[in-house]
Amino acid sequence: MNRFYAIVAVLAVVLGIAVFALLRTGGTAPAAAVGAPPTVVDDGFRGYTLGQGSARVEITEYVDFECPVCASFATIQMPTIKEQLINTGRVRWRFRDYPLPIHKYSRFAAHAAQCAGAQGHYFEMQDQLFTHHQWAQTGKDPSDLFRSLAQAAGVDLKAYDTCMEAGRYAQRIEFSRQEGDQLLVDGTPTFFANGKKLDFRRLPGSDDFKAIADSIIAHSH
Amino acid sequence: MRQRQAIALLALVGLFVALYLWLHALGFGGAIKCGVSGGCETVQTSQWAVFLGLPVAFYGVVGYCAVLGVALASLRPLALAQRQWNVMLVSLASVGLFFTIYLTYLELFVIHAICRWCVGSAAIITLIWIVALLSLRSPGTRTDHGASQQQPGQPV
């Protein structure tokens, strides 16, 4: 019987040390993908687009993945916009990154989307990041969550890990952000229609973009 | 007695699994260690990770503490021959098992993500339940060597 209690005590100590070690060595977001790069180079990339190249209207959206309004717009308005404007060939939608400095992991999330995009899964990853947006409220390091989201988006995790560790698209994201600064982007989401900044007093809905598209198409005849 | 000892050891392991998940839910440590498969953060950050205002893992900590406490109490010399301790262990394990079945259903069919820590806990509570059931069928014993009076067809 005494031997049993000795086993219990030893097991408790071993498990306690294991839990302590696990809490100390949890996965961390690679710095290269979290922070701004020291230098910026234009790689010619101008954002992922949805819709046909022949569409007369192009909406450019400057987006921050940690921004709750962007998530709300993506999950509530975007499905209707896709159905009524993008899939019908009237509008092409371009996504540009504008990670706000107040958001700790928005640049990291943008990088995760870019690494998924390198494998042809940008939009699937974008859906995952916006649909499971609870990560943006916890303040906790989302690196492991993003891996599981990437996996759900169909991304090969080995290539994803290499991409994230290297911070391969950090300069691309910073270039997009600086471009947004030059265009006087002052918050997210900010929209441009054929290069002209759109000013909304509230979060726009699908009807607003339908009206804008109708107006541009009518004037282009 | 061996069965009660086994339950105590299993409950101890389960307690630390639940403790890790609870501390993580409280914000201690970095991202959860989940291996290549991922899924733990998806489960832990889902709306089902909180039950009645508290992290689900907290109920695991309480449950395993209860099982461990009862199992250790049942190993006192005076309690060894008392069958009601086995009934208590089966009851506690059954509550834990049903809660685990509910959580596993959520993982598989609602959240669509599997957390290997939750799978580990599910395996532990299932084992506890099986061992507790077996203990219910065994006669009480006072021996220190686990040499229950063996009867034909009964587990030792």
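The structure this text deals with has already been given above.
It should be emphasised that the depicted structure is a prediction, and the values quoted were computed from it without experimental measurement.

Is there a simple way to think about the overall build of chain A in this case?
Each helix and strand counted, chain A has 10 helices and 5 strands in total. Here chain A, with 221 residues, has 42% of them falling under the buried criterion. Pairs at least 24 apart in sequence give 84% of the contacts found in chain A among residues at least 6 apart.

Honestly, the overall build of chain B in this entry has me stumped. Any pointers?
The secondary structure content of chain B amounts to 5 helices and 2 strands. For chain B, the residues scored as buried account for 44% of the 156 residues in total. A sequence separation of at least 24 residues applies to 74% of the contacts in chain B between residues at least 6 apart.

Which parts of the structure should I look at to understand helix α10 (residues 206-219) of chain A?
Spacing of three or four residues puts side chains on the same side of an α-helix, whose turn is 3.6 residues. Here α10(A) is 14 residues long and its end C-alpha atoms lie 20 Å apart, about the 20 Å a rise of 1.5 Å per residue gives. Where α10(A) is buried, its residues meet β2 (57-63), α3 (68-86), β3 (91-97), β4 (190-193) and β5 (196-198) of chain A.

Whenever I open this one, the pairing of β2(A) confuses me. Can you help?
Across a regular strand the side chains alternate sides, sitting on one face of the sheet and then on the other. All names here are of chain A. Burial runs high along β2: 6 of the 7 residues are buried. Relative to β3, β2 runs parallel, the two being bridged by 7 bridges. Within β3, the position partnered with E61 by the bridge is F95.

Before we go on, may I ask you to explain the nonpolar core in this structure?
Note on soluble globular proteins: their nonpolar side chains tend to be buried together. With 55 residues, the main nonpolar core has A:V91, A:A112, A:A113, A:A116, A:M125 and A:A150 as its most contacted residues. If near-sequence neighbours (up to four positions away) are discounted, A:A113 is found in contact with A:F65, A:Y122, A:M125, A:Q126 and A:L129. In this structure, B:L10, B:V56, B:A71 and B:I124 belong to the second largest nonpolar core, which totals 44 residues.

Any chance you could explain the environment of A:A71 here in plain terms?
Residues and elements named next belong to chain A. Mapped onto the secondary structure, A71 falls in helix α3. Sequence separation between A71 and L129 is 58 residues; the distance between their C-alpha atoms is 8.3 Å. When near neighbours in sequence (up to four residues on either side) are disregarded, A71 contacts F130 and H133.

Please clarify how the sheet that holds β4(A) should be interpreted in this entry.
Paired through backbone hydrogen bonds, the strands of a sheet run either parallel or antiparallel to each other. All names here are of chain A. Strand order in the open sheet formed by 5 strands is β1-β3-β2-β4-β5, and the pairing between neighbours is mixed. Of all the strands in the sheet, just β1 (48-50) and β5 have a single pairing partner and so form its edges. Across the sheet, the mean angle separating the axes of adjacent strands is 25° when strand polarity is ignored.

Please clarify how the environment of A:L11 should be interpreted in this entry.
For A:L11, the position within the fold is in helix α1 (residues 2-24). When the 15 C-beta atoms within 10 Å are taken as the criterion, A:L11 is described as partly exposed.

In this structure, what is going on with the packing of helix α3 (residues 56-73) of chain B against helix α4 (residues 84-111) of chain B? I would like to understand it.
A pair of packed helices can be characterised by two numbers: the angle between their axes and the separation between those axes. Residues and elements named next belong to chain B. The geometry of α3 relative to α4 is characterised by a closest axis approach of 10 Å and an angle of 165° between their N-to-C directions. When the axes of α3 and α4 are compared, the pair comes out roughly antiparallel. In the packing of α3 onto α4, the handedness of the crossing is left-handed. In this structure, α3 uses V56, Y59, G63, A66, V67, V70 and A71 to contact α4, whose residues at the interface are W85, M88, L89, L92, A93, G96, F99 and L103.

About the cut-offs
- Residues numbered from 1 in each chain as written.
- Chains lettered and ligands numbered in written order.
- Predicted model: local features only at pLDDT ≥ 70, side-chain atom pairs only at ≥ 80, totals over all residues.
- Helix = DSSP H or I, 4+ residues; strand = E, 2+ residues; numbered from the N terminus.
- Buried ≥ 20, exposed ≤ 12 C-beta atoms within 10 Å, placed from the backbone.
- Contact = placed C-beta atoms within 7 Å.
- Expected span 1.5 Å × (residues − 1).
- Pairing = 2+ DSSP bridges.
- Core = buried A, V, L, I, M, F, W, Y, C linked by C-beta atoms within 7 Å.
- Axes fitted to C-alpha atoms, helices over the stretch in contact; angles between N-to-C directions.
- Parallel < 35°, antiparallel > 145°, perpendicular 65-115°, else oblique.
- Left-handed = near helix turned anticlockwise from the far one by under 90°.

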